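If you want the building blocks of each chain, they are given just below.
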Amino acid sequence: MATESITESAVAIYLEEPELQELGLHIPVSAREARALISDVMRKGGRQPWGKMEVDMFTYDDSVLLLARPSGKAVSCFVFDDLEALLGAALSLDPASQSTLIWLDGSYYLFFGPGETCQAPALYEYGRRQSCDDGSFAHISEHGKVLLAGRAVSELRRYFA
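In every chain, residue numbers begin from 1 and rise along the written sequence. Given that this is a predicted model, residues contribute local features only at a pLDDT of at least 70 and side-chain atom pairs are listed and counted only at 80 or more, while totals for whole chains, interfaces and linings are drawn from all residues. Where side-chain values are given, they derive from all heavy atoms of the structure, hydrogens and water being excluded.

Participant: It is not clear to me how unusual backbone geometry should be interpreted in this structure. Could you clarify?
Facilitator: Apart from glycine, the bulk of residues carry a negative phi angle, and the bulk of peptide bonds sit in the trans form. Put simply, I27 and P28 share a cis peptide bond, and its omega is 0°. Here a helix means four or more residues in a row that DSSP labels H or I, a strand means two or more in a row labelled E, and each is numbered from the N terminus. With respect to the helices and strands, the residue P28 is situated in the loop between helix 1 (17–22) and helix 2 (31–44). We note that D105 has phi near 50°; this positive angle belongs to a residue other than glycine. Relative to the helices and strands, D105 resides in the loop between strand 6 (99–104) and strand 7 (107–112). Burial status follows relative accessibility: with a 1.4 Å probe on protein chains alone, a residue under 20% of its type maximum counts as buried, one over 50% as exposed, and anything between as partly exposed. D105 sits in the exposed class, given a relative accessible area of 71%.

Participant: Which parts of the structure should I look at to understand the sheet that holds strand 9 (residues 145–148)?
Facilitator: Paired through backbone hydrogen bonds, the strands of a sheet run either parallel or antiparallel to each other. By the convention used here, strands pair only if DSSP detects at least 2 bridges between them. Pairing in this open sheet of five strands is antiparallel, and the strands run 8-5-7-6-9 from one edge to the other. This sheet does not close on itself; its edge strands, each paired only once, are strand 8 (128–130) and strand 9. On average, each strand axis in the sheet is inclined to that of its neighbour by 35°, with strand direction left out of account. For strand 5 (residues 76–80) and strand 8, the ladder comprises three bridges, and the chain directions are antiparallel. In the strand pairing of strand 8, V79 is matched with R128. Two residues qualify as a contact provided that any one of their heavy atoms is within 4.5 Å of a heavy atom in the partner residue. Only the stretch in contact is used when a helix axis is fitted, and all axes are lines through C-alpha atoms; the angle between N-to-C directions ranges over 0 to 180 degrees. Contacting strand 6, strand 7 and strand 9, helix 6 (residues 152–160) crosses the sheet at an angle of about 80° to strand 6.

So yeah, pure geometry; function would need other evidence.
In structure tokens:
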């Protein structure tokens, strides 16, 4: 089984028929089986499975490709022009927030995960809100450099507080 993390918000799994049979599955794989398989693979890889996920399934004669991502996710993004502005905001935020920091074209992009409240005044004082969605996150993370994934605010506070 080939598992590849595309971003922190997407997972791809490719399974050939013999691997499916070892797991007690057969082509076509049901949506329920696909979600259970993805959740199991994420746990084994040390990642917390998403509560709700969208799964795209591509079935071939002798294999299956599963692409999964969280669903119902509203992505919040703030852009900072320099490290000083980013740190000013980060030091005012909840360190437990799920966040990812990406460097692209001379700016820092701070993304917040699902359910995170991003109304902290410091975000608007030091940076600017960027209109983003899941596709924007994927594009920016692909073309930029992911500096800190998952707990960016916590890591920034840890090293710069």
